[in-house]
Amino acid sequence: MILTPHILAGAVAAAKIQNPLIGLPLAFLSHFILDALPHREYSITRISEPKSKNFPRSAGKVLVDFSLGLGLVMWAVGPEINFPYLVGAIFLAILPDFFQLLNLLNPRWLAKFNRWHCDIIHLKYPLPTKWRAGRPKIRRLADWGWASQIVCSAVMLIILIWR
C-alpha cells in the first residue's frame, strides 16, 4: 500500500488505544495487515538512484503521499492526542516500507525481511474478474488496489474523527 493508509492506521492505533505497550506493536502489525489486502503502488524504482533523471519524480510521489497522510492525521485528531505516542505509532506503521527503501541500497541484513514482506505478505494471487466466451479473464487481486486503499483510508479517517 502507499504510505497514506499506513500513516492513518498508525494514527488510529495511537488515538484509540490508550496503552502504548499495546498500540505501538499494533501500529507495526497494521502495516502487514494492510499489505495483505489487494492493492496497487506507484512506481519508485529510481528512488535508489539520486542521480537518475527520474529520481525527483519518484521522490516527489513519496513526499506527496507522506504529506497527504500526515495532513489528514493532523486534520482528524484532536488536540488531546498524545503527540509523541502518535508520532511513534505512525513511524512504526511505515517502518517496513522504510526498510524496503533501504533494501534498494542493498544492505544484506534486510534481504530476508524484504523478501518476506514483498513476496509473502503482498497478495499476488490471480482471480477471475470477468467471464468472456466461457473463460474467465484473469487479473491479479492487486488490480483492484486503488479502490481498496481509498476505502481503507476513508474507514480509518472515520474512526479517527469519531470520538
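Residues numbered from 1 in each chain as written. Predicted model: local features only at pLDDT ≥ 70, side-chain atom pairs only at ≥ 80, totals over all residues. Heavy atoms only, no water.

*Asks:* What is the right way to look at the overall build of the protein chain in this model?
*Replies:* Across its full length, the protein chain carries six helices and two strands. For the protein chain, buried positions account for 37% of its 163 residues. Only carbon and sulfur atoms are counted for the fraction: they give 69% of the accessible area of the protein chain, which is about 10100 Å². (Helix = DSSP H or I, 4+ residues; strand = E, 2+ residues; numbered from the N terminus. Buried < 20%, exposed > 50% of the residue type's maximum accessible area, 1.4 Å probe, protein only. Areas by Shrake-Rupley, 256 points an atom, 1.4 Å probe, with all protein chains shown as cover.)

*Asks:* For this particular structure, what's the right way to read the packing of aromatic side chains?
*Replies:* To describe a pair of aromatic rings, you give the distance between the ring centres and the angle between the ring planes. According to the stated counting rule, one finds one aromatic pair in the structure shown. On the basis of an interplanar angle of 80° and a centroid distance of 5.3 Å, the ring pair of F28 and F32 is categorised as edge-to-face. Separated by four residues within a single helix, F28 and F32 lie in helix α2 (residues 20–35), roughly one turn from each other. Looking at F28, the relative accessible area reads 24%, which means it is partly exposed. F32 sits in the buried class, given a relative accessible area of 9%. (Phe/Tyr/Trp six-rings, centres within 6.5 Å; stacked < 30°, edge-to-face > 60°.)

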